Amino acid sequence: MKKIAVIRCLRVSASCTGSGCLRAMNEKTGAFACYEQDEPLQAVAFWTCNGCGENKLPNQEGVRKKIERMKKLMPDAVHLSNCTMPKDEAGNRRMCPVIADIAAELEAAGIRIVHGTH
């Protein structure tokens, strides 16, 4: 069984239930198609970044706790939800710099990072 975590954008979480990411995981579609169809996946975390720009949680240090929990949990992969890669004016997806830093730290700890969910 593969342990999977998903991280999403704080701004988007105000209107997103996460159902698209979870459906893609359960059905192994989108970025989850990389797993064998008969291989069970277990959602071990579905977490939200602490924000950036005008959309920040008051406790910015809290993201450190989340990162450390992920390192202890050592999921087989952390999927970066599509919302962490918003489209620019030209329609090209670009990685949020805050999420990019989180992903780099997790990857340095040996956790596989997968760009995208559904």
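Per chain, residues are indexed from 1 in the order of the written sequence. Local features in this predicted model are restricted to residues whose pLDDT is 70 or higher, and side-chain atom pairs enter the listing and the counts only when it is 80 or higher, whereas totals over whole chains, interfaces and linings include all residues. Think of the side-chain values as coming from all heavy atoms in the structure, minus any hydrogens and water.

Draft legend 1. Up close: the nonpolar core. By size, the foremost hydrophobic cluster in this structure holds 18 residues, and its most contacted members are Ile7, Trp47, Val78, Leu80, Ile102 and Leu106. Counting from the N terminus, the helices are DSSP H or I runs at least four residues long and the strands are E runs at least two residues long. By residue number, the principal contributor to this core is helix 4 (residues 97-108), which donates 4 residues. Note on definitions: a residue-residue contact is assigned when non-hydrogen atoms from the two residues lie within 4.5 Å. Each residue touching Ile102, except ones within four places of it in the same chain, is listed here: Ile7, Trp47, Val63 and Ile67. The criterion is simple. A nonpolar core is a set of buried Ala, Val, Leu, Ile, Met, Phe, Trp, Tyr and Cys residues joined through side-chain atoms within 4.5 Å. The classification of residues rests on relative accessible area computed with a 1.4 Å probe and restricted to protein chains. Under 20% of the type maximum is buried, over 50% is exposed, and intermediate values are partly exposed.

Draft legend 2. Expanded view of unusual backbone geometry. Phi is positive for Lys28, which is not a glycine, with a value near 55°. By the element assignment, Lys28 lies in the loop between helix 2 (19-27) and strand 2 (41-48). Assessed through its relative accessible area of 8%, Lys28 is described here as buried. Although it is not a glycine, Met74 sits at a positive phi angle of roughly 45°.

Draft legend 3. A look at the side chain of Lys28. When charges are counted, Lys and Arg contribute as positive and Asp and Glu as negative, whereas His and the chain ends are disregarded. Basic side-chain nitrogens of Lys or Arg form a salt bridge, by our definition, when they fall within 4 Å of a carboxyl oxygen of Asp or Glu. Of the side chains with opposite charge, Glu39 lies nearest to the buried Lys28, which makes no salt bridge, at 5.9 Å. Lys28 has contacts with Ala33, Tyr35, Glu36, Gln37, Asp38, Glu39, Pro40 and Leu41, leaving out every residue within four places of it along the chain.

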